Amino acid sequence: MSDTDDKHSFETSMQRLEALVSQMEEGKLSIEESLQAFEEGIRLTRQCQQTLEQAEQKVKLLTEEAGEIKAVPFESHESNS
């Protein structure tokens, strides 16, 4: 899976999670539908957490210098303007 696929999957999962939360908050789902939505939400949450953990590990590997993690300040594009 490429980085583009990872990003697409993560964003798709987050959008689905938001949709599930909205559906559940409306209170119009049956108990069975609510349980299914909850189960799907848990699965998507775990999937997103795993994707974020993998990204964090990549960042650590990329910033490692001489066997130590080098602290690299993160500057947003706004501060460069």
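All figures in this text were calculated on a predicted structure; none of them were measured in a lab.

Conventions we followed
- Residues numbered from 1 in each chain as written.
- Predicted model: local features only at pLDDT ≥ 70, side-chain atom pairs only at ≥ 80, totals over all residues.
- Heavy atoms only, no water.
- Salt bridge = Lys/Arg side-chain N within 4 Å of Asp/Glu carboxyl O.
- Helix = DSSP H or I, 4+ residues; strand = E, 2+ residues; numbered from the N terminus.
- Buried < 20%, exposed > 50% of the residue type's maximum accessible area, 1.4 Å probe, protein only.
- pLDDT = per-residue confidence, 0-100.
- Expected span 1.5 Å × (residues − 1).

Draft legend 1. View of the pattern of salt bridges. Applying the stated criterion across every chain yields a total of 2 salt bridges. Residues Glu 56 and Lys 60 are paired through a salt bridge, measuring 3.9 Å at the closest nitrogen-oxygen approach. Placement of the pair is Glu 56 and Lys 60 together in helix H2 (residues 31-63), with a separation of 4 residues, close to one helical turn. Under the relative-accessibility criterion, Lys 60 is labelled partly exposed at 34%.

Draft legend 2. Geometry of the confidence of the model for the protein chain. For the protein chain, the mean per-residue pLDDT works out to 82, and 73% of the residues sit at or above 70. Mean pLDDT values over the elements of the protein chain span from 71, in strand E1 (residues 64-65), up to 92, in H2.

Draft legend 3. Structural detail: H2. The end-to-end C-alpha distance of H2 is 48 Å, a good match for the 48 Å that 33 residues give at a rise of 1.5 Å each. Within the sequence span of H2, burial applies to Ala 37, Gly 41, Leu 44 and Cys 48.

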